[in-house]
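# Architecture at a glance
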Amino acid sequence: MAISFGRLRAVSAGLIVLFSAALPSLARAEARFDLSGPRIDVRVTRDGKTLPIAAVPNLKEGDKLWLFADLPRTQSVHYLLVAAFLRGTTNPPPSNWFFKIETWNKKVREEGATITVPEGAQQALLFLAPETGGDFSTLRSAVQGRPGIFVRASQDLTEAGFEQARIEKYLASIKLVPPSDPKALQEHSTLLARTLSLRPNQECFTRPVDQQYNCLTQSGTQTLLDDGHGQTVVSMISRTDTSALIGAAASTQIAGGGIYSAYVGAVVDLVRLMGNLHTAQYQYIPAIAFPQDEQLNLRLNTAPSFHNPKSVIVIGLPAIQNATPPPLRASNPRYVTCLLRPDVVLPVEGAPLVFSTGFAHDLVLHINGSNVPRADVPLTPDPFKGGLVLSSASERKSLPLDGDSIPASSTKPSQPSAPRMPTDPGAPNTPVTGTITGYWGFDPFVGPTLPLQDVAGTSWKLANDSILIIGRENHLALSSSGTACVQSITFERFSGRQTEAQWKQSDRPNIVDVSLSLKSVDPGDIHVNVHQYGEVATAAVTAQTFSEPAQLEALTFHAGDASATLRGTNLDQVHKLTLGGMAFTPSGEPASAPPPAAGADQQTETLTLALPFATQPPDVHAGDRLMAHVALRDGRTLSLPLTVNAPRPSITMLRRSTTPASSPIHLSNPDDLPITQKLTFSLRSALPFPRNGKIEIANADETLRTSLTIASGLILQNSHTVLGTFDPLKAFGTSAFGPVRLRAISPDGTAGDWIPLATLVRLPTFHDIHCPSDPAAACTLTGSGLYLVDSLASDAAFTNPVDVPEGFVGDTLSIPRPPRSGFYLKLRDESESANLVNMPVQIPRAPAPPPQAAPVAVAPPVAPPTANPPAIDEPTPTPSPQPATSTTTSPVEPKL
């Protein structure tokens, strides 16, 4: 029968329906062929060569069939064996195409019977019927009367046998895996499914480990094995018209049509067709044949009946037509097979019957291109290993026919035609290839040509400039003249210690991808050792390991600048930057930068690299495309393309002025700016200041930021001069302090350099100073916001300062008596400057002396008369006493 290995159909399930008609109690989807039937021995001889039936995929006109019914000697019911040949659904066969074989005949029992395939025959069937009156004529009449039914039965029985053979092979092979090894179970199940064109039930692998094996090896149901078509014939019949199935079967072309396949698209409802095909004597039941050598081991779905209507067992034989060779192909055209391995497997697929039947035999691997002539190597199909296994030659004795013996050498295949080279464009071009040749039944065939390697690889080296980074998993590519024979790869981490490395074949030819774990390795050289099959010496490759490299994301450089900004990670490894023939060196430590987009690496850094002092910037212009070279501290050099940006905006400070202050505190640092005062400044722009540009003001860490624009805070005096007003209290609030700076921002967002603007300070409010009359006693300073004071002193040198504790919340301070020139304070916001404070000191007035009694008047002595007598003085009034608490402002302030 011509075999096409495309789509597989659930024919066995269809035969279940057939058997349910013969025995209604078995009309269930789970009914299966588990009854052992009789055994029929068959050998086929063609052109002087004899093969067992298990090795014959198709019959041809003129073939001699040797038939023998291997019934027990104690067989009580005589069975008649009838061989019938058919020639299509509409052309009944002639009477002489039916051969009657009486199995109880002594000569037949001892020698068997030989028949010849007639000319023009297309199908062959065997009938095993209990002996009864008119048995032979009844069977012949039934076939001649309705040949189409038996043609279809022949096709479906053969197809069901093929499918059952694949399932049986899967079950037998998967039982070789230890049930306790789930990894091996899944690996071999995958190989078996690929070579046998089956799809195991994936739900089995989701079960607990101890249940996976039983799930895959259940032979009582076919739901565990699927060939890709989940719809069973039972469900198809229950939802469709039977006549549609019959019509599809009638349109199927048989031998010579070119599209007939054992896996046909529609399965005839054999239940109804053959259920109606019976006489008063016979009812027909199908049997699936499991060939093994020359034996057809039959399995039945229902027990035969020896009461009328008696059961006739229908057995299908291979179709009578030209053979179609198996479409073997490489599972992976890029895979190179190493002939030095102790267990060589050629991974092929595409022809499941090669692995589930004996149709393919005497397979060998013919070596092409080897310098040393090599004998053909025998091959054995092994679905458990997923391909053809190189093995020792198997011996198969020739089978006798009519007492004659055929020499064993006649079964050895003759040399096929010149092997064809690989046609797959993805196949690697190796110097040595191997062509699979053998026999498909009686016909020689040439299979695919596969790339091979028969010597160990040489010239091992690093395939590219792979950089190995310590502290993480690394991938290394190794190249060689051939990599198929790699057995293992190790590497020396330190002190000669060998560590196993994970590796796999690359998609590129002669490349091996190696995975190295370098989490506990110091930077330096390591030695990667390649161990190969058939090679005693180890191939060693030296590779260098590095610390985590800098990752460069972007480089920003503006025309006219003497510095560049590098963005990336691990920028502390950067030694210098070469751009336009000039070397830029880091001007500080890398600074953290916000990620450029949501979800980006939070470790992104920026590094400013500057030219040496007083060095002229490179002579480049906006839009120039350059290549920057970044040298790392470990000697590596990274390259980064760069497009020169337009010059950045540049401004300089011209003038500054503030509003008059009403505080007694005189700030000594002209850069200090109380937050309650507005600052007016003027700037000079190197380029005409754009009307949609802006001036940005911020503190050192840029947590406080504001912008001035022409619409708010800026005035253009001319195209290059800008006036601005900055209100720190309004812009930043009462908690702002410290240095602030400003820069120009162009309309496209390009920022200029920062220039200092002022240092924001917050001033306390002093109400008064009360000092006692005792010069040695301390004075009391009252006010608000005294926590803004860092310390007080009577001199600018702060010889004996009075410190204000951190977190102070009072409204009075005890201080020494201030001098006449005032006292000094340092602000908490700017504690470097000594600021003078001038304010009046309140001192209580001294109490008046107590009144005394008037003295007794004594006549003054008489003075000599003068020319001008003096006027008489008025008595001085006695001042009234003042309260002790009243004070007066002292015109001269006492010293501390």
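Remember, predicted model here, so these are calculated numbers, not experimental data. (Residues numbered from 1 in each chain as written. Predicted model: local features only at pLDDT ≥ 70, side-chain atom pairs only at ≥ 80, totals over all residues. Heavy atoms only, no water.)

Scanning the protein chain for helices and strands turns up eleven helices and 56 strands. Burial statistics for the protein chain: of 896 residues in total, 45% are counted as buried. Counted over contacts in the protein chain with a minimum sequence separation of 6, partners at least 24 positions apart contribute 68%. By element, 52% of the accessible surface of the protein chain is carried by carbon and sulfur atoms, the whole surface being about 44,900 Å². (Helix = DSSP H or I, 4+ residues; strand = E, 2+ residues; numbered from the N terminus. Buried < 20%, exposed > 50% of the residue type's maximum accessible area, 1.4 Å probe, protein only. Contact = heavy atoms within 4.5 Å. Areas by Shrake-Rupley, 256 points an atom, 1.4 Å probe, with all protein chains shown as cover.)

It is worth spelling out the packing of aromatic side chains at this point. One pass over the structure, following the stated rule, counts eleven aromatic pairs. Ring geometry for Phe127 against Tyr284: centres 6.4 Å apart, planes inclined by 75 degrees, an arrangement best described as edge-to-face. With Phe127 in strand β7 (residues 123–130) and Tyr284 in strand β10 (residues 282–292), the pair connects residues that are 157 residues apart, well separated along the chain. A relative accessible area of 1% places Phe127 in the buried class. (Phe/Tyr/Trp six-rings, centres within 6.5 Å; stacked < 30°, edge-to-face > 60°.)

Core analysis: the biggest nonpolar cluster contains 37 residues, and Ile40, Leu65, Leu67, Phe85 and Leu296 have the highest contact counts within it. Of all elements in the fold, only β1 (35–46), β3 (64–70), β4 (79–86), β6 (113–116), β7, β10, β11 (295–300) and β12 (310–316) reach the threshold of two or more residues within this core. Top contributing element to this core by residue count: β4, with four residues. By size, the runner-up hydrophobic cluster in this structure holds 34 residues, among which are Ala360, Phe384, Trp440 and Phe445. (Core = buried A, V, L, I, M, F, W, Y, C linked by side-chain atoms within 4.5 Å.)

Our next topic: the state of the cysteines. In the structure shown here, the tally under the stated rule is two disulfides. The disulfide partner of Cys338 is Cys485, and the S-S distance across this bridge is 2.0 Å. Looking along the S-S bond of the Cys338-Cys485 disulfide, the torsion reads about 100 degrees, which is the right-handed sense. On the criterion of sequence distance, the pair formed by Cys338 in strand β14 (residues 337–338) and Cys485 in the loop between β24 (473–479) and β25 (486–492) is long-range, its members being 147 residues apart. Note on Cys338: relative accessible area 1%, which makes it buried. Put simply, Cys771 and Cys779 are joined by a disulfide, and their sulfur atoms are 1.9 Å apart. Looking down the S-S bond of the Cys771 and Cys779 bridge, the torsion is 115 degrees, so its handedness is right-handed. Residue Cys771 is classed as buried on the basis of its relative accessible area of 3%. (Disulfide = S-S within 2.5 Å.)

The next subject is the packing of helix α4 (residues 147–174) against helix α5 (residues 182–196). In contact at an axis separation of 10 Å, α4 and α5 are set at 160 degrees when each is read in the N-to-C sense. What the angle tells us is that α4 and α5 run roughly antiparallel. Our pair here, α4 against α5, has a crossing hand that is right-handed. Residues Arg166, Lys169, Tyr170, Ser173 and Ile174 of α4 pack against Leu185, His188, Ser189, Leu192 and Leu196 of α5. Here the residues of the contact of α4 with α5 sort into five nonpolar, three polar and two charged. (Axes fitted to C-alpha atoms, helices over the stretch in contact; angles between N-to-C directions. Parallel < 35°, antiparallel > 145°, perpendicular 65-115°, else oblique. Left-handed = near helix turned anticlockwise from the far one by under 90°. Nonpolar A, V, L, I, M, F, W, Y, C, P; charged D, E, K, R; others polar.)

Glancing now at the pairing of β25. With five of its seven residues buried, β25 lies for the most part within the structure. Here β25 runs beside strand β28 (residues 524–532); their pairing, made up of six bridges, is antiparallel. Bridging across to β28, Phe491 finds its partner in Val528. As paired strands, β25 and strand β26 (residues 498–505) are joined by four bridges and run antiparallel to one another. Bridging from a neighbouring strand, Ile489 pairs with Ala501 of β26. (Pairing = 2+ DSSP bridges.)

What follows is about the environment of Lys519. Tracing the sequence through the fold places Lys519 in the loop between β27 (511–517) and β28. The exposure class assigned to Lys519 is exposed, which follows from its relative accessible area of 60%. Residues Lys519 and Glu473, 46 residues apart in the sequence, show an inter-C-alpha distance of 7.3 Å. Aside from chain neighbours lying at most four places away, what touches Lys519 is Gly471, Arg472 and Glu473.

This brings us to helix α3 (residues 135–145). Listed as buried for α3 are Asp135, Phe136, Thr138, Leu139, Ala142 and Val143. Angularly, the buried residues of α3 cover 165 degrees about the axis, an arc narrow enough to put them on a single face. (Arc of directions from axis to C-beta.)

Right, let's get into unusual backbone geometry. Cis geometry marks the peptide bond from Asn308 to Pro309; its omega dihedral reads -5 degrees. Considering the arrangement of structural elements, one finds Pro309 in the loop between β11 and β12. Look at Asp47: it is not a glycine, yet its phi comes out positive at around 50 degrees. The backbone phi angle of Glu702 is positive, close to 60 degrees, even though this residue is not glycine. Looking at where Glu702 falls in the secondary structure, it is placed in the loop between β42 (694–699) and β43 (705–709). Taking relative accessible area as the criterion, Glu702 reaches 28% and is therefore assigned partly exposed.

Our focus in this paragraph is the layout of surface pockets. Volume-wise, the second largest pocket comes out at about 1,300 Å³. Lining the second largest pocket are 46 residues, and of these Tyr335, Val336, Thr337, Ala484 and Gln505 lie nearest its centre. For the lining of the second largest pocket, the secondary-structure elements that each account for two or more residues are α5, β21 (443–453) and β26. For the lining of the second largest pocket, the leading source of residues is α5, giving four residues. Counted by class, the lining of the second largest pocket contains 17 nonpolar, 18 polar and eleven charged residues. (1 Å grid on protein atoms, 1.4 Å probe; cavity = no way out; pocket = protein on both sides within 12 Å on 5 of 7 lines; lining within 4 Å. Points joined across faces, edges and corners; volume = space filled by probe spheres on them.)

Further remarks concern α4. The terminal C-alpha atoms of α4 lie 41 Å apart, and with 28 residues this matches the ideal 40 Å at 1.5 Å per residue to within 8%. For α4, the tally of buried residues reaches 24 of 28 residues, placing the bulk of the element in the interior. (Expected span 1.5 Å × (residues − 1).)

What follows covers the sheet that holds β24. Ordered by their spatial adjacency, eight strands build an open sheet running β22-β24-β27-β26-β25-β28-β29-β23, and the pairing between neighbours is mixed. A strand with exactly one partner marks an edge of an open sheet, and here the two such strands are β22 (461–462) and β23 (468–469). Pairing geometry for β22 and β24, over two bridges, is antiparallel. Bridging from a neighbouring strand, Leu462 pairs with Leu478 of β24.

Let's shift gears to the confidence of the model for the protein chain. Regions with low pLDDT should not have their predicted coordinates read in detail. When the pLDDT values of the protein chain are averaged, the result is 77; 75% of them are 70 or greater. Taken as a whole, residues 219–276 scores under 50 in pLDDT and shows 120 contacts with residues more than four places along the chain or in a different chain. With pLDDT under 50 throughout, residues 856–896 is counted as low confidence; its partners more than four residues away or in other chains account for 29 contacts. (pLDDT = per-residue confidence, 0-100.)

Take the pattern of salt bridges next. Counted according to the given criterion, the structure contains 19 salt bridges. Residues Arg329 and Glu349 are paired through a salt bridge, measuring 3.8 Å at the closest nitrogen-oxygen approach. A residue pair is termed long-range when its members are at least 10 positions apart, and Arg329 in strand β13 (residues 329–330) and Glu349 in strand β16 (residues 348–349) qualify at 20 residues. Salt bridges here are not isolated pairs; linked through shared partners, they connect Glu696, Glu702, Arg705, Arg741 and Arg743. (Salt bridge = Lys/Arg side-chain N within 4 Å of Asp/Glu carboxyl O.)

Strand direction decides the pairing type here: β23 and strand β29 (residues 539–546), joined by two bridges, are parallel. Bridge pairing links Leu468 to Thr545 in β29. Strand direction decides the pairing type here: β28 and β29, joined by seven bridges, are antiparallel. The residue bridging His527 from the neighbouring strand is Thr542, located in β29. What sits between β28 and β29 in their antiparallel hairpin is a turn of six residues, with Gly534 showing a positive phi close to 70 degrees.

A separate point is the environment of Pro739. Tracing the backbone through its elements, the reader meets Pro739 in strand β46 (residues 738–745). For the pair formed by Pro739 and Ala700, sequence separation is 39 residues and the distance between their alpha carbons is 6.6 Å.

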